[in-house]
Amino acid sequence: MSAGFHDAAENGIAVDADVIIVGSGAGGGAAARTLADAGLSVLVLEEGPYLPSASLGYKTFDSLHALMRNGGQQAAFGKAAVPVVQACVVGGTTFVNSAIIWRLPEKVLAKWHAEHGLADGFRANELDDAYALIEKDMFVRPVTDSVATGSDRKLALGAERAGIEHRAIHRNEKDCKGSGRCLHGCHNDAKQSTTINYLRRATESGAQVFSHARVERILREGSKAVGVTGTIRGKGPQAGKPFRAHAKRAVIIAASVIQSPNLLRRSRIGLDNSALGNHFMAHPGTSLVGLYSEPMNPWSGASQGYEAYGLRDTLGVKIETINVPPEVAASRLPGFGEKYLSMLDRLPYMAIWSVALKSEAEGNVRPSWLLGGDIIRYEMTSGDFERMRQGLKRAAEMHFLAGATAVLPGVHGLPGTITADQLSVFDSAPLDGTGYGIIATHLFGTCRAGTDPKHSVVDAHLQVHGTPNLYVMDASVFPTNTGVNPQHSIMAISTMASRRLASA
Amino acid sequence: MKFSRTEQRRADCISRVILPKGALGGTTDDCDLGAEIGRQFSLTPWWSAIITRIGIFVVWYSPLFLLRKLRTFGGIAVADQQSILERLAHSPNYWVREMSMILKMNACNAGMSGEAVMRYLGAYDFGQSVQLKRSRS
Ligand SMILES: Cc1cc2nc3c(=O)[nH]c(=O)nc-3n(C[C@H](O)[C@H](O)[C@H](O)COP(=O)(O)OP(=O)(O)OC[C@H]3O[C@@H](n4cnc5c(N)ncnc54)[C@H](O)[C@@H]3O)c2cc1C
């Protein structure tokens, strides 16, 4: 079969290649491009469909159903159910994300070097090199005025007045039209998801990308990985058929923090490894609405345009503007009857900010027959909630400093709306997840990298301990969470490891 | 899973209390909320759909235990319906609150994602409202 994008349900699957990559998101996309550019034959197998921008809708429910794993209904369970949002589509979660780009903070890399023995594999100069390439090729730049929103300007003002460092968000986009619909997939092909950028580049260098190809087992000869088996999904003459593909040089798992460890486990790899599927970490986030007297139109502009990052080192909190579809914003508003109707009338005057936390909690993921195949257990700590409520308080303070007339805390037990003299209500916000509308979008850690084969799943070059030719290249290899948006570091780490693999 | 006709009727009644006719300049009025929620229900994974199903059941019979009236949700005054939803949304029990939140989400997803609402709000590419123009200038 020729290079390019193919629907496995229509055409079946190519049977061998130098390298097989499972998953086409941030990690898989970067690996595919790097290895194809190095002249290797590359086969990318992606469970989800390939969706051109013309096929994308604007209704949230239908978008979640079409693009997200389990229709967006995946959750982590502890005392509360925390939605864990992941895409299942060619491009992976880069297809639906907000395109925010951050390099891995130096402090985090230093910790990985010192505490996880990664100094040899994760070299700062090699990572810098990869970042520079990605930033150039993915058109990374700060949000421009033409797509900045009222909410962005308010966050800049509030953060400035509160003395918290802030900036326009850096995003990977070209000609963003500010249609505020990143979550539905970019209708304008402006966001540089791996689908339209890295995977396309990979196909230009000869890679084959198969959608509707769900990998179920990793094949081994002795201890060495030699291929994969799976089932074709979707609709078409080949749908439902099993497939088998062989890899001469390597099998790379880039199926995400939830699916990668479970794929290893289902393949009976690393079963005695205490790290496999454990150390699940996240940046749980919640949102806070400010009511203004001028229109904000919280569904327009760059989906996320501005950030206050100055509380990262003290509270482990980052505050970002976030624009969401009207039906999503409306479903979080308090009240019923007249109260709710008046809230709906003020919808255009609301600025929504997210408060994302570098949580200290660790959970785990396991395969399951229930809940779509994966079960996630996760419980944030009371320390997390101490910081979460301080983060919310600072964000509310910023809203008022920027001119908000009221703030909607969105926390159980607190008033539905508060004024500037009521900031202290946050001090009594609950210390567990049942009081907040939290969601987790940045995930880490379930195949963590490290030198100790007992307490890490992959080595410093991302090869699975004890399984030659098998690599993991996605966010699951991060030994800690990062405190910043992860796509860029995932792509850089995957690029770096793939370069080494190509030259080995 | 699929809604029964009764569930669809109940979903419509509950959702109309959440999103009453006249909301957002009347742009949600023409939407058959029950049918749309039924469609979404049939596409939702079972573990999530089941919360909707239980939610509809609980709300429907809640006048019995919240108001101590021998009536269902459909048979009480609108003010009582609203107060029931308000009480469930503030329940001390997390799962009851979640259920109530999911019913609100269902109503908003069903009623508010139509073109008429988007045009009214000036959202997306359905024509720019005065508000959107003002905020950009
Ligand atoms: C709503 C949202 C907004 C976000 N915004 C940002 C942002 O602005 N900036 C940022 O840095 N990060 C953001 N993130 C997070 C970021 O997108 C993810 O961290 C990143 O994409 C993870 O990369 P990955 O390679 O680990 O997994 P993914 O990108 O999720 O890719 C994994 C792929 O593997 C496929 N797969 C899984 N199992 C199999 C299998 N068995 N067989 C075949 N294929 C399989 C999946 O379908 C998926 O396509 C956001 C996330 C969400 C949900």
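So, a few notes on the structure that sits alongside this text. (Residues numbered from 1 in each chain as written. Chains lettered and ligands numbered in written order. Predicted model: local features only at pLDDT ≥ 70, side-chain atom pairs only at ≥ 80, totals over all residues. Heavy atoms only, no water.)

**Observations concerning the packing of helix H4 (residues 46-67) of chain B against helix H6 (residues 94-112) of chain B**
Residues and elements named next belong to chain B. As a reminder of what qualifies: To obtain an axis, a line is fitted to C-alpha atoms, over the contacting stretch when the element is a helix, and the angle between two such axes runs from 0 to 180 degrees between their N-to-C directions. Helix and strand assignments follow DSSP, with helices taken as H or I runs no shorter than four residues and strands as E runs no shorter than two, numbered in order from the N terminus. For this classification, under 35 degrees means roughly parallel, over 145 means roughly antiparallel, 65 to 115 means roughly perpendicular, and everything else is oblique. Whether two residues are in contact is decided by their heavy atoms, any of which lying within 4.5 Å being enough. Three residue categories are used. Nonpolar comprises Ala, Val, Leu, Ile, Met, Phe, Trp, Tyr, Cys and Pro, charged comprises Asp, Glu, Lys and Arg, and polar comprises the others, including Gly.
Where H4 contacts H6, the axes come no closer than 9 Å and their chain directions differ by 100 degrees. By the angle class used here, H4 and H6 are roughly perpendicular. Here H4 contributes Ile-51, Thr-52, Ile-54, Gly-55, Ile-56, Val-58 and Val-59 to the contact with H6, which in turn contributes Met-99, Ile-102, Leu-103 and Asn-106. The residue inventory of the contact of H4 with H6, partitioned by class, reads 8 nonpolar, 3 polar and no charged.

**What to know about the nonpolar core**
Counted only if it meets this: Only buried Ala, Val, Leu, Ile, Met, Phe, Trp, Tyr and Cys residues count toward a nonpolar core, and they belong to the same one when joined by side-chain atoms within 4.5 Å. Think of it in three bands: with a 1.4 Å probe and only protein chains considered, a residue is buried below 20% of the maximum accessible area for its type, exposed above 50%, and partly exposed in between. Throughout the structure description, domain borders are defined by an automatic or database domain assignment.
Ile-21, Leu-45 and Ile-319 of chain A are the most contacted members of the largest nonpolar core, which has 132 residues in total. Structurally, this core is a two-domain feature, drawing no fewer than three residues from each of domain 1 (5-73 + 84-139 + 183-277 + 445-503) and domain 2 (142-173 + 282-440) of chain A. Dropping the residues within four chain positions of it, Ile-21 of chain A is found in contact with Gly-28, Ala-31, Ala-32, Leu-35, Val-42, Leu-43, Val-44, Leu-45, Ile-252 and Ala-254 of chain A. Val-324 and Tyr-340 of chain A together with Ile-56 and Cys-108 of chain B belong to the second-largest nonpolar core, a separate cluster that totals 49 residues.

**Focus: the interface of chain B and chain A**
Worth spelling out the cut-off: Accessible area that two parts lose when put together, evaluated with a 1.4 Å probe and summed over both, is termed the buried area. Take a side-chain nitrogen of Lys or Arg and a carboxyl oxygen of Asp or Glu: if they are within 4 Å of each other, that pair is a salt bridge. A 3.5 Å cut-off defines polar contacts: any pair of N or O atoms within that distance qualifies, except that in protein one atom must be a possible hydrogen donor and the other a possible acceptor, and neighbouring residues in sequence count only when both atoms are side-chain atoms.
At the interface, 44 residues of chain B touch 46 residues of chain A. Summed over both partners, the interface of chain B with chain A buries about 4000 Å², with 61% contributed by carbon and sulfur atoms. Among the residues chain B hides against chain A, the three largest losses belong to Trp-47, Lys-104 and Tyr-124 of chain B. Together they make up 18% of the total. Here chain B is connected to chain A by 2 salt bridges. Its salt-bridge partner being Glu-86 of chain B, residue Lys-339 of chain A comes within 3.9 Å of it at the nearest N-O pair. The interface formed by chain B and chain A holds 9 residue pairs in polar contact (both at pLDDT 80 or more) in total. Per-class residue counts for the side of chain B that touches chain A are 23 nonpolar, 13 polar and 8 charged.

Any functional reading would require information that these geometric values do not contain.
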